[in-house]
Amino acid sequence: MERAQQGPRARYREQTRTEIKDLALRQLAEGGGTALALTRIAKEMGLSGPALYRYFAGRDDLLNALIRDAYDDAAAAMARAAARSAKGSRGVRARLHDLAEAYRTWAIAEPHRYLLIQGAPVPGYVAPADTLERARAVLGPFLPLFATGSPGPAVAATVDEMTAWLAADGTVGAWVARYAPEAAGPPDGPAGEGRAASALAGAVLAWTQLHGSVSLEVAGQFAGMAHRGGTLLGAHMEMLADAFGLDQAPA
């Protein structure tokens, strides 16, 4: 009986939290992270300040929720793209392009949310520790693609650094194993020498290329230029695929 009575209250609480987050996202779209103002949200909703704090403890608590939601939505979009791309006979290089375009598509559709998690930090705000795993979930689908590669000289130093990172941080190895279990064996084991390091180096380099190109496009920096953002990003992914020998037969 008690649970049944609390059901509607719980639903109302969740609806109110969603409305607060929607208004916060509108503020972010209008003025970025520094524009977030709980007092203005409360006024628009017809709530007092103390009433609003029953749903979020403060600005940072609200930002935490928005950032978690954004990472989770981006990760879900990437997982869907990876699942679609894996069907049929598409090669690894084509699947890399599919993932890159899915990342770009999400960012362009959700520019204020993208900039919240990938743009300039909000002054005085420190993101919660659990956002690290959420950020890794966004990049996770890239790991199995680069695990198939044969890194060339251009990325050899990065692969070496990733090898050291894997040895120093067990959570990184667990991340690779979760998304690319075929690369999770010992470096000199049957999985092939350095496959985990190759996977990690490729994913990190893909992220830097994605972040650079997509952030410039989302911020409007390509305005007045002749190229499309997707064309530029595609060129970046081709160069990265070449550097890792994706879809090439082993020498």
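Rules of the game
- Residues numbered from 1 in each chain as written.
- Predicted model: local features only at pLDDT ≥ 70, side-chain atom pairs only at ≥ 80, totals over all residues.
- Heavy atoms only, no water.
- Helix = DSSP H or I, 4+ residues; strand = E, 2+ residues; numbered from the N terminus.
- Buried < 20%, exposed > 50% of the residue type's maximum accessible area, 1.4 Å probe, protein only.
- Contact = heavy atoms within 4.5 Å.
- Areas by Shrake-Rupley, 256 points an atom, 1.4 Å probe, with all protein chains shown as cover.
- Polar contact = N/O pair within 3.5 Å; in protein donor to acceptor, adjacent residues only side chain to side chain.
- 1 Å grid on protein atoms, 1.4 Å probe; cavity = no way out; pocket = protein on both sides within 12 Å on 5 of 7 lines; lining within 4 Å.
- Points joined across faces, edges and corners; volume = space filled by probe spheres on them.
- Nonpolar A, V, L, I, M, F, W, Y, C, P; charged D, E, K, R; others polar.
- Salt bridge = Lys/Arg side-chain N within 4 Å of Asp/Glu carboxyl O.
- Phe/Tyr/Trp six-rings, centres within 6.5 Å; stacked < 30°, edge-to-face > 60°.

(A) Local environment of the overall build of the protein. Summing up its helical and strand segments, the protein has twelve helices and zero strands in all. Mapped from its N terminus to its C terminus, the protein presents α and β elements in the order α-α-α-α-α-α-α-α-α-α-α-α. Viewed in the frame of its principal axes, the protein has a C-alpha envelope of about 70 × 55 × 35 Å. Scored against the burial criterion, the 251 residues of the protein give a buried share of 41%. The contacts in the protein between residues at least 6 apart in sequence include a share of 76% that link residues at least 24 apart. Surface summary for the protein: the accessible area is close to 13100 Å², and the carbon and sulfur share equals 57%.

(B) The environment of aspartate 130, seen in detail. Structurally, aspartate 130 can be placed in the loop between helix 6 (111–118) and helix 7 (131–139). Spatially, the C-alpha atom of aspartate 130 lies 8.4 Å from that of arginine 68, the residues being 62 residues apart in sequence. A polar contact is formed between the side chain of aspartate 130 and the side chain of arginine 68, at a distance of 2.9 Å.

(C) Molecular detail of the layout of surface pockets. Of the pockets and cavities examined, the second largest pocket occupies roughly 260 Å³. Lining the second largest pocket are 13 residues; nearest its centre among them are Leu132, Ala135, Arg136, Leu139 and Trp207. Broken down by secondary-structure element, the contributors of at least two residues to the lining of the second largest pocket are helix 6, helix 7 and helix 11 (195–218). The biggest single contributor to the lining of the second largest pocket is helix 7, with five residues. The residue makeup of the lining of the second largest pocket, split by class, is eleven nonpolar, one polar and one charged.

(D) Region of the structure containing the pattern of salt bridges. Under the criterion given, the structure shown has 17 salt bridges. Its salt-bridge partner being arginine 113, residue aspartate 73 comes within 2.8 Å of it at the nearest N-O pair. Placement of the pair is aspartate 73 in helix 4 (residues 59–86) and arginine 113 in helix 6, with a sequence separation of 40 residues. Of the residues examined, aspartate 73 reaches a relative accessible area of 36% and is grouped as partly exposed. We classify arginine 113 as buried; its relative accessible area is 8%.

(E) Here's a closer look at the side chain of arginine 136. By the secondary structure assignment, arginine 136 is in helix 7. By relative accessible area, which is 7% here, arginine 136 ends up buried. In this structure the side chain of arginine 136 is engaged in a polar contact, spanning 3.3 Å, whose partner is the side chain of threonine 171. If near-sequence neighbours (up to four positions away) are discounted, arginine 136 is found in contact with Trp165, Asp169, Thr171, Val172, Trp175 and Tyr179.

(F) Molecular detail of the packing of aromatic side chains. Tallied over the full model, the rule gives two aromatic pairs. Note on tyrosine 103 and tyrosine 114: the rings are 6.0 Å apart at their centroids and 90° apart in plane angle, and the pair reads as edge-to-face. You can see tyrosine 103 sitting in helix 5 (residues 92–109) and its partner tyrosine 114 sitting in helix 6, a full eleven residues away along the chain. Across the pair, tyrosine 114 and tyrosine 103 agree in class, each one buried. For the ring pair phenylalanine 146 and phenylalanine 244, a centre distance of 5.0 Å and an interplane angle of 70° mean the geometry is edge-to-face. Remark: phenylalanine 244 occurs in the segment after helix 12 (229–243) and phenylalanine 146 occurs in helix 8 (residues 143–146); sequence separation between them is 98 residues. Pair check on accessibility: phenylalanine 146 and phenylalanine 244 agree, each one buried.

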